[in-house]
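# Results of the structural survey
Here are the chains, one letter per residue:
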Amino acid sequence: MDFAFIVDQGLGILATASVSALVAMGLAMSFRLMGIINLASGDFMMIGAYSVLTCLAIGLPYIVGVLVACVVGFLLGAVTERTLLRRFVRAPELAILGTFGLGIVIRQVVELIYGKNFQFVENPLPGSVEIWGAEFPLYRLVLIGVSVVVIGAVLLVLTVTPIGVKVRAVAADGDLAETLGVRSGGLKLVIFAVSTLMASLAGSLIAPLTNVGPGMGNAYLFVMFVVVIVGGARVSMVLVAALAIAVVQNVTTLVIDSLVAKLAILAMAFIVLAATRPSTKGNIV
Amino acid sequence: MIRRSIAVLASLAVPLIALSLGGYQGSLFAQFALYGVATAALALCWGFAGILSLGHAVSFGIGAYVAAWCGINIPEGGTLLGILFGGLAAGAVSLLVGLVGLRGRVNVITFALLTFVLLFGAVEVVNQLTPVTGGFNGLAGVPGLNLGDLWTADPVAQRVIVTIAAVGLLWLLIIVARSPFGGALVLAKTHAIRAASSGYNIPAFRIGTFAFAGVVTGLAGALFSTQTQFVAPDQISLVLATNFVLWAMIGSRTSIIGAFFTAIVISFITNELADKFLTLWLLAMGIIFIVVVVLIPDGIAEAVLKRLPERWRPRRAVTLTTTEQAGAGGGQALEATGITCTFGKFTAVDDVDFNAGSGVHCLIGPNGAGKSTLLNALSGTVPPTSGRWRVGNTDLTKMRPWKMARVGVARKFQAPAVAPELTVAQNLAVARLGVTVHPFALIFSPWRADLTSTAWRILETGDLVKLLDTPASRLAHGQRQVLELAMTFASRPTLVLLDEPTAGMTAAETASIADILRTEAAGLDIPIVVVEHDMALIRSAASAVTVLQAGRVLATGTVAEIENNAEVTRAYVGEGL
């Protein structure tokens with residue numbers, strides 16, 4: 001095992017972690033503010049991937065596809081929050097079942113339009129760069145970079161801007177924040193839409209690396225949800241959890257196989273939940 | 001009565017239907033009846049215990065695969081052992097999940113997520129562990145019901161036995177759901193702390209219920225594999241797990257029977273439509289899902305019951321009796337020393353010594369003085385950082401709330417905590433039975449409770465006696481206060497802790513409650529500690545008053561002494577008077 005190999009694996013872990021962190025961070029924010037988990041997250045990722053696919057098909061460049069994915073994700077999330085989730089402020093389990101049904105609808109509509117078959121998105125940045133002796137695919141490097149920038153930007157907004165203060169106030173006590181003049185309804189709308197935007201963005205970023213199909217989201221749900229179970233509703237903990245789970249997943253897959261890796265992650269969720277009580281209170285960051 | 005006769009008729013009808021339908025349809029019916037059992041088990045967890053499992057297919061699939069594997073690999077001796085193993089394996093996994101996810105305070109969403117990822121893990125195992133599970137192809141050649149060389153069921157006997165077994169399992173679920181055990185689960189669904197303070201070890205109840213539902217579902221899955229004589233990854237899939245949730249929701253998660261029949265009916269419809277228009281059918285399923293969540297989230301059975309005329313509506317008959325229990329407490333006093341409660345850097349109660357002999361002892365003080373925190377500490381709902389306390393010779397330090405209830409500590413909460421889905425009488429029975437009946441005995445216990453005469457007097461004061469069969473959801477705020485106060489006194493207490501018991505009541509009601517508290521404290525010879533702001537109640541009921549300020553005891557004495565205490569006046573209205 002030489003140094004280049006370790007760098008290669010390390011970057012691989014970062015790539016895995018950055019995609020799941022992107023989605024799980026959105027999940028954690030909506031979990032925190034609204035007490036719900038979007039079970040259709042995988043389908044929002046799929047929408048992102050299909051946005052890229054469609055843009056490429058009509059001759060637009062890849063980067064436009066990513067931007068379209070963001071816009072579509074944001075708008076669909078906003079509509080979902082306004083029409084569906086707002087009804088269930090006091091019944092979170094009905095809200096998550098609503099998102100579950102929504103996921104099925106999204107999947108089937110995409111299947112009706114695009115068909116069931118896998119499609120492929122050409123890698124927009126082929127080639128690789130050499131980092132400390134390791135040949136690492138350029139596109140994955142960009143993927144890590146974009147994820148880190150987006151996650152950093154959201155963290156920055158949450159911690160230093162006035163909007164972030166309001167978000168944290170609603171997260172701490174929604175009713176109290178409302179009486180202090182924070183419009184928690186609008187804030188929840190934006191946060192949910194941002195969370196679906198992040199899922200859609202993640203989907204558009206992984207499109208060139210995977211098979212694009214209507215059911216592609218399910219493959220990612222497992223890891224996302226384990227990240228949220230392990231990390232709870234605190235954004236920083238979710239980021240740590242995403243990294244830790246990526247380490248376990250990639251190393252176990254390399255040493256043993258992908259089945260054992262999945263079971264190891266599952267065991268992690270159980271152990272963490274048995275040992276602690278992930279809090280939904282306290283600071284959001 | 002109506003519910004019972006419907007249930008008996010249905011039990012007889014189910015095997016008869018299986019018999020009268022032709023071979024193919026009859027076999028399908030037997031399979032769908034087993035789906036119905038699994039759905040009903042999910043309804044018990046979700047509608048009664050308030051725990052939603054998104055991975056219910058895991059239990060079903062484990063049962064099916066274990067029974068199938070045993071049937072194929074150990075054919076000697078028949079199928080019974082395999083079925084039993086299937087049920088036990090599913091129960092063991094559910095128990096593990098419950099132990100991890102249902103201890104302490106439960107977040108419904110986190111638990112749902114945990115069961116969801118478990119499902120993903122199980123799907124992976126089934127698909128990839130090909131040598132054991134057969135992978136995508138599943139396991140073919142599973143033997144039907146047989147007793148080894150002695151007897152093998154023909155297809156007709158097979159489906160009749162399977163449907164009878166399904167009805168038997170359904171009855172087990174109904175018995176649990178309708179027992180006072182089920183009542184305690186329903187109370188805990190809305191007010192977990194109230195249920196704990198009524199003597200129920202709620203985490204254990206939830207874990208037990210989840211494991212029991214796992215066993216029942218596993219047995220249903222095991223029987224399923226003997227009926228289809230084939231297992232495939234379908235039986236542990238996301239689609240099946242989705243269906244279970246959808247069926248339970250449409251049928252009513254609060255109705256075991258509704259969930260059971262809905263699963264059967266929708267399965268038949270699905271079976272007809274799914275083959276013909278798969279994509280459209282799945283799309284329709286997603287749309288139905290959303291429509292049901294938005295329009296009839298409580299399900300069909302609940303919607304139908306709500307529209308029935310009052311006298312047709314089924315009610316669980318509750319028998320309430322009452323016994324006079326003078327001098328029950330035997331004059332045991334509450335003695336607390338050095339009670340301190342800190343939350344982070346904030347000290348809410350600071351080294352408080354507090355004694356209360358028999359009689360009404362009022363705790364007063366400005367907002368934030370630590371009155372409710374002291375009461376929470378003494379009742380074990382928020383254990384104090386340090387301090388010891390006892391009643392008579394019973395040490396209560398660090399005792400869990402449900403244990404405390406079982407040694408006679410009764411507690412009333414500030415906001416009225418009653419189960420809205422239960423009737424007034426059921427609420428009283430649940431509050432009464434938890435204190436003395438063993439948890440397992442609760443499952444078979446009749447809805448019969450012997451209340452104290454104090455509880456009756458309180459009910460009469462609030463005019464609730466004629467409303468005993470009314471669901472608590474229809475009571476006004478003041479009536480709920482009276483009900484919870486009666487629940488607090490339902491069984492013979494040795495110490496009573498009340499947090500603003502008369503908030504929301506009229507002046508006349510407050511006066512009669514004050515009267516009852518005073519006479520009952522003397523009659524029962526027990527300490528009644530009351531956090532109260534209402535001076536009228538304090539003047540008429542209190543035999544002693546303790547004033548708290550900033551977490552410390554400012555003064556203790558009779559009402560007259562406290563009213564003339566200059567320091568107390570200053571604490572309330574400030575300097576300058």
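Scoring rules and cut-offs
Residues numbered from 1 in each chain as written. Chains lettered and ligands numbered in written order. Predicted model: local features only at pLDDT ≥ 70, side-chain atom pairs only at ≥ 80, totals over all residues. Heavy atoms only, no water. UniProt positions renumbered as here; feature names shortened; annotations may be inferred. Helix = DSSP H or I, 4+ residues; strand = E, 2+ residues; numbered from the N terminus. Rg over C-alpha atoms; globule rule 2.2 N^0.38 Å. Buried < 20%, exposed > 50% of the residue type's maximum accessible area, 1.4 Å probe, protein only. Contact = heavy atoms within 4.5 Å. Areas by Shrake-Rupley, 256 points an atom, 1.4 Å probe, with all protein chains shown as cover. Salt bridge = Lys/Arg side-chain N within 4 Å of Asp/Glu carboxyl O. Pairing = 2+ DSSP bridges. Axes fitted to C-alpha atoms, helices over the stretch in contact; angles between N-to-C directions. Buried area = accessible area lost by both parts, 1.4 Å probe. Polar contact = N/O pair within 3.5 Å; in protein donor to acceptor, adjacent residues only side chain to side chain. Nonpolar A, V, L, I, M, F, W, Y, C, P; charged D, E, K, R; others polar.

If you open the UniProt record of chain B and go to Subcellular location (unreviewed entry), you find "Cell membrane".

According to the UniProt record, the Subcellular location (unreviewed entry) comment for chain A is "Cell membrane".

### Focus: the overall build of chain A
Secondary structure summary: chain A contains 11 helices and two strands in total. Reading the secondary structure of chain A in the N-to-C direction produces α-α-α-α-β-β-α-α-α-α-α-α-α. Here the C-alpha radius of gyration of chain A, 19 Å, is about what a compact globule of 285 residues would show, namely 19 Å. Its C-alpha atoms put chain A at 60 × 45 × 35 Å along the principal axes. Taken across its 285 residues, chain A has 52% of its residues classed as buried. Restricting to contacts in chain A with at least 6 residues of sequence separation, those with at least 24 account for 77%. Of the roughly 11900 Å² of accessible surface on chain A, a fraction of 69% belongs to carbon and sulfur atoms.

### Section: the pattern of salt bridges
Side chains carrying opposite charge are able to pair once their charged atoms draw close together. Residue and element names in this part refer to chain B. A full pass over the atoms with the stated rule returns 15 salt bridges over all chains. We note a salt bridge from Glu563 to Arg539, for which the minimum N-O separation is 2.8 Å. On the criterion of sequence distance, the pair formed by Glu563 in helix H23 (residues 559-563) and Arg539 in helix H22 (residues 535-541) is long-range, its members being 24 residues apart. Exposure remark for Glu563: the relative accessible area of 36% places this residue in the partly exposed category. Several salt bridges share partner residues, and in doing so they unite Arg194, Lys412 and Glu484 into one network.

### Points about the sheet that holds strand S11 (residues 495-499) of chain B
Residues and elements named next belong to chain B. If you walk across this open sheet you meet the six strands as S9-S11-S12-S6-S13-S14, and the pairing is mixed. The sheet is open, and its two edges are formed by strand S9 (409-412) and strand S14 (552-557), each paired on a single side. For this sheet, the mean inter-axis angle between neighbouring strands, taken without regard to orientation, is 15 degrees. Two strands pair when backbone bridges link them, and strand S6 (residues 359-364) and strand S12 (residues 527-531) are joined in this way by five bridges, in the parallel orientation. In the sheet register, Val360 faces S12, and the bridge partner there is Ile528. Contacting S9 and S11, helix H20 (residues 477-488) crosses the sheet at an angle of about 170 degrees to S9. Together, S6, S11 and S12 form the strand contacts of helix H21 (residues 507-524), whose direction differs from that of S6 by roughly 125 degrees.

### Overview of the interface of chain A and chain B
Contacts between the two partners involve 41 residues from chain A, matched on the other side by 42 residues from chain B. Of the roughly 3700 Å² buried between chain A and chain B on both sides combined, carbon and sulfur atoms contribute 81%. Summed over the shared surface of chain A and chain B, the number is one salt bridge. Salt-bridge contacts for B:Glu124 lead to A:Lys262; the nearest nitrogen and oxygen are separated by 3.5 Å. Taken together, the connections running from chain A to chain B amount to four residue pairs in polar contact (both at pLDDT 80 or more). Listing elements by their share of the side of chain A that touches chain B, those giving two or more residues are helix H4 (92-114), helix H9 (216-231) and helix H11 (258-275) of chain A. Considering every element that reaches the side of chain A that touches chain B, the biggest residue donor is H4(A), with 15 residues. Taken together, the residues that form the side of chain A that touches chain B break down as 27 nonpolar, eight polar and six charged.

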